[in-house]
Amino acid sequence: MRTEGLNQRSASPLYKQLTHRLRADIQGGIYPVHSRFPSELELCATYQVSRVTVRKALAALTQEGLLERHQGIGTFVCTPRIHKDLRSVNSFSEACRMMGAEPGTQVISAQLTAAEEEDCALLQCAPGAQVVEVVRLRLMDGVPVMLETNRFPGQYAWLLQEELTGSLYALLHSRGTEPGQATHEISLCYAAAQEARLLEVAPESALLALFEVIYDASGHPLHTSRQHIRGDRFTFRI
């Protein structure tokens, strides 16, 4: 813990300075995951600030998912969550690295398969066409977080010749294709047996379900993505 005081003369409010300081300490491992966080009184004494300032900082960190407060017990450091901003299109790998975590991928399957009615409508495929389906388990620091199924129009069959354990968007970028906008549908689902095994949760556990249609920079359908996500590891920003 860094005990130097905050800058009383800064234009930045004290609670924001304290929030930034404590966030950095959590992300830097000074307060390990699941450890008990200092009390409000301890933080007041350490940083020479009021209890109101401390409470505002703790509330901000709790809202970010970094802390969890238990009435009558104390405040504890949460397991890190990936923050996905639905206002922009970015890769899972990028989101992990932005928060200092190591992304990982296990390819479950990668194949050409017959286009379904939904593919024809969303990917503008002709009836009878084939689509590229890539099913992957995504991990953060070795822990399963998401099971995703991406489906691309048939012209992206070259992906099947590539190494698929990294960012698909990096592969697309290498061929001059960039994601542009996306539409999103978020719902709740329950883990089937295989999903539970891969995500290391109990069968019928509640999962977040995210369905996206991603368009390229020219507005053409690039791919669909169906993701089943552990809610204890993921946070959406809208």
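Structural data are supplied above this passage.
**Q** Looking at this structure, I do not really get the environment of Thr53. What am I missing?
**A** Here Thr53 lies in helix H3 (residues 51-63). Residues Thr53 and Leu43, spaced 10 residues apart in sequence, show a C-alpha to C-alpha distance of 9.8 Å. Residue contacts for Thr53: discarding those within four places in its chain leaves Leu14, Tyr15 and Leu18.

**Q** Would you explain the packing of aromatic side chains in this entry?
**A** Where two aromatic rings form a pair, the distance of their centres and the angle of their planes describe that pair. Here the structure, examined in full by the defined rule, presents 3 aromatic pairs. Here the aromatic rings of Phe152 and Tyr156 are separated by 5.8 Å at their centres, their planes lie at 55 degrees, and the arrangement is tilted. Grouping residues by exposure puts Phe152 and Tyr156 together as buried. Each ring, one from Tyr156 and one from Trp158, has its centre 6.5 Å from the other, and the planes form 50 degrees; the classification is tilted. Taken individually, Tyr156 and Trp158 each receive the classification buried, so the pair is uniform in this respect. Among the aromatic residues, ring-to-ring pairing joins Phe152, Tyr156 and Trp158 into one connected group. In this structure, Lys56 packs its charged tip against the face of Tyr15, placed 5.2 Å from the ring centre.

**Q** Help me understand the sheet that holds strand E4 (residues 103-114), please; the structure alone is not making it clear to me.
**A** Taken together, 6 strands build an open sheet; the order of strands is E4-E5-E6-E9-E8-E7 and the sheet is antiparallel. Either end of the sheet is taken by a strand with one partner, and the two such strands are E4 and strand E7 (179-190). Taking the axes of each pair of neighbouring strands and ignoring which way they run, one obtains an average angle of 15 degrees across the sheet. Pairing analysis gives 10 bridges linking strand E5 (residues 130-140) to strand E6 (residues 143-153), with the strands arranged antiparallel. Its bridge partner lying in E6, Leu139 is registered against Pro144.

**Q** How should I be thinking about the nonpolar core in this particular structure?
**A** Generally speaking, soluble globular proteins have nonpolar side chains that are buried together. Residues Leu18, Ile26 and Phe37 are the most contacted members of the largest nonpolar core, which totals 17 residues. Contributions of two or more residues to this core are made by helix H1 (14-27), helix H2 (40-47) and H3. Among the elements that make up this core, the one with the highest residue count is H3 (4 residues). Residues within four places of Leu18 in sequence aside, it is in contact with Leu6, Tyr47, Val49, Thr53, Val54 and Ala57. The next biggest cluster of nonpolar side chains, apart from the first, holds 13 residues, and it includes Val132, Phe152, Leu172 and Leu222.

**Q** Is there a simple way to explain H2 in this structure?
**A** Given 3.6 residues per helical turn, the α-helix brings residues three or four places apart onto the same face. Three or more residues of H2 are buried, namely Glu40, Leu43, Cys44, Thr46 and Tyr47. Axial view of H2: buried residues confined to an arc of 170 degrees, hence all on one face. In H2, the exposed positions angled more than 90 degrees off the buried face are occupied by Leu41 and Ala45. Close packing links the buried residues of H2 with H1, H3 and strand E1 (67-70). Residue Gln48 follows H2 closely and has a positive phi angle near 55 degrees.

**Q** Can you help me understand the side chain of Asn150 in this one?
**A** With respect to the helices and strands, the residue Asn150 is situated in strand E6. Taking the relative accessible area as the measure of exposure, Asn150 reaches 3% and is therefore buried. A distance of 3.3 Å separates the side chain of Asn150 from the side chain of Glu148, its partner in a polar contact. Once you skip the residues sitting within four places of it in the chain, Asn150 turns out to touch Val132, Glu133, Val134, Arg136, Leu168, His223, Thr224 and Ser225.

Rules used throughout
- Residues numbered from 1 in each chain as written.
- Predicted model: local features only at pLDDT ≥ 70, side-chain atom pairs only at ≥ 80, totals over all residues.
- Heavy atoms only, no water.
- Helix = DSSP H or I, 4+ residues; strand = E, 2+ residues; numbered from the N terminus.
- Contact = heavy atoms within 4.5 Å.
- Phe/Tyr/Trp six-rings, centres within 6.5 Å; stacked < 30°, edge-to-face > 60°.
- Buried < 20%, exposed > 50% of the residue type's maximum accessible area, 1.4 Å probe, protein only.
- Lys NZ or Arg CZ within 6 Å of the ring centre and 35° of its normal.
- Pairing = 2+ DSSP bridges.
- Axes fitted to C-alpha atoms, helices over the stretch in contact; angles between N-to-C directions.
- Core = buried A, V, L, I, M, F, W, Y, C linked by side-chain atoms within 4.5 Å.
- Arc of directions from axis to C-beta.
- Polar contact = N/O pair within 3.5 Å; in protein donor to acceptor, adjacent residues only side chain to side chain.

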